[in-house]
Amino acid sequence: MTTPAAPEAPRILVVDDLTAIHEDFRKILAPGHTPAALRAAADALFGSVSAPDPGIQFTLDCAQQGQEALELVTAAVAAGRPYSVAFVDMRMPPGWDGLETTKRLWAADRDLQVVICTAYTDHSWAEMVNQLGRSDRLIILKKPFESIEVLQLAHALARKWEITRRDRAHMAQLDRTVTDRTRELHVAEERFAQAFSAS
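Residues numbered from 1 in each chain as written. Predicted model: local features only at pLDDT ≥ 70, side-chain atom pairs only at ≥ 80, totals over all residues. Heavy atoms only, no water.

### Quick look at the packing of helix α4 (residues 98-108) against helix α5 (residues 125-132)
And step 1. The N-to-C vectors of α4 and α5 enclose an angle of 30°; their axes lie 10 Å apart at closest approach. In terms of their interaxial angle, α4 and α5 are classed as roughly parallel. For the crossing formed where α4 meets α5, the hand is right-handed. Across the interface between the two elements, Leu99, Thr102, Lys103 and Trp106 from α4 touch Met128, Gln131 and Leu132 from α5.
And step 2. Its residues assigned to classes, the contact of α4 with α5 comprises four nonpolar, two polar and one charged. (Axes fitted to C-alpha atoms, helices over the stretch in contact; angles between N-to-C directions. Helix = DSSP H or I, 4+ residues; strand = E, 2+ residues; numbered from the N terminus. Parallel < 35°, antiparallel > 145°, perpendicular 65-115°, else oblique. Left-handed = near helix turned anticlockwise from the far one by under 90°. Contact = heavy atoms within 4.5 Å. Nonpolar A, V, L, I, M, F, W, Y, C, P; charged D, E, K, R; others polar.)

### What about the sheet that holds strand β5 (residues 138-142)?
And step 1. Spatially, β2-β1-β3-β4-β5 is the arrangement adopted by the five strands of the open sheet, whose pairing is parallel. Two strands bound the open sheet, and with one partner strand each, they are β2 (59-63) and β5. Neighbour to neighbour, the strand axes of the sheet diverge by 20° on average, direction disregarded.
And step 2. Inspection of the sheet shows strand β3 (residues 85-89) paired to strand β4 (residues 113-118) by five bridges, in the parallel sense. (Pairing = 2+ DSSP bridges.)

### Side note on α5
And step 1. Among the residues making up α5, those that are buried are Met128, Val129 and Leu132. Down the axis of α5, the buried side of the element spans an arc of 95°, and every buried residue falls inside it. Turned more than 90 degrees away from the buried face of α5, the exposed residues are Ala126 and Asn130.
And step 2. Those residues of α5 that are buried are in contact with α4, β4 and β5.
And step 3. Following α5 by one or two positions, Gly133 adopts a phi angle in the positive range, close to 80°. (Buried < 20%, exposed > 50% of the residue type's maximum accessible area, 1.4 Å probe, protein only. Arc of directions from axis to C-beta.)

### Points about the side chain of Gln113
And step 1. Here Gln113 lies in strand β4.
And step 2. Under the relative-accessibility criterion, Gln113 is labelled buried at 2%.
And step 3. Polar side-chain contacts of Gln113 include one of 2.8 Å to the side chain of Lys160.
And step 4. Apart from residues lying up to four places away in sequence, Gln113 is in contact with Ser84, Val85, Ala86, Asp136, Arg137, Leu157, Lys160 and Trp161. (Polar contact = N/O pair within 3.5 Å; in protein donor to acceptor, adjacent residues only side chain to side chain.)

### Side note on the layout of surface pockets
Take a probe with the size of a water molecule and roll it over the atoms, and the empty space left behind shows itself.
And step 1. Here the largest pocket is characterised by a volume of approximately 290 Å³.
And step 2. If you go around the largest pocket, you meet 15 residues; those closest to its centre are Glu8, Ala9, Pro10, Arg11 and Glu162.
And step 3. Top contributing element to the lining of the largest pocket by residue count: helix α6 (residues 147-198), with five residues.
And step 4. Split into classes, the residues belonging to the lining of the largest pocket amount to seven nonpolar, three polar and five charged.
And step 5. As a volume, the second largest pocket reaches approximately 190 Å³.
And step 6. Along the walls of the second largest pocket sit 17 residues, with Ile21, Asp24, Phe25, Ile28 and Phe145 positioned nearest its centre.
And step 7. Of all elements in the fold, only β1 (11-15), α1 (19-29) and β3 reach the threshold of two or more residues within the lining of the second largest pocket.
And step 8. Examining the composition of the lining of the second largest pocket, we find that four residues originate from one element, α1, more than from any other.
And step 9. The class makeup of the residues in the lining of the second largest pocket is 11 nonpolar, one polar and five charged. (1 Å grid on protein atoms, 1.4 Å probe; cavity = no way out; pocket = protein on both sides within 12 Å on 5 of 7 lines; lining within 4 Å. Points joined across faces, edges and corners; volume = space filled by probe spheres on them.)

### As for the pairing of β1
And step 1. Of all five residues that make up β1, five are buried, and the element is covered over most of its length.
And step 2. Burial along β1 is two-sided: Arg11, Leu13 and Val15 and Ile12 and Val14, pointing in opposite directions, are all buried.
And step 3. Here β1 pairs with β3 via four bridges, running parallel. Residue Leu13 lies in a different strand from β3, and its bridge partner there is Ala86.

Here you go:
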């Protein structure tokens, strides 16, 4: 008897031009995958970042610019292993800002949940809505933020992403079933009409 494979950990993408921020996210969301020496150096440099229960893990990838993030998202979708959540910094000179990056990521993956992280008021909410449209896939997280905020957002949005995709697959299956049954009904009606005419 074979045991079912464990479900893959939710895939998270961090898009920020600072590698130190990547390591902070790694310590929060994937603490078991950060080398001990790197953790110690980051603690000494940036202070201790509290880590969650080590049993709660995400698969984490990082990009320093929006263009790099788009390549990762496109490749992940093509491989059938899409990201569920992206944490995107608003300011990433010299490349795309957080809004442009989000717009392009959504063009590549309509289900991706995005958290835009910003310490500034570069854009008003009205400007963001004007550029990205009203969406339940977008959350703004103000810096500085707490580790628990990142962890809660990652869990909630990854779960929302999973439910959205499962519901869409279920609806697609229902549509296929209705189409198949309708086709069978038409065939049965044609046979009945032919038999009736012959009699």
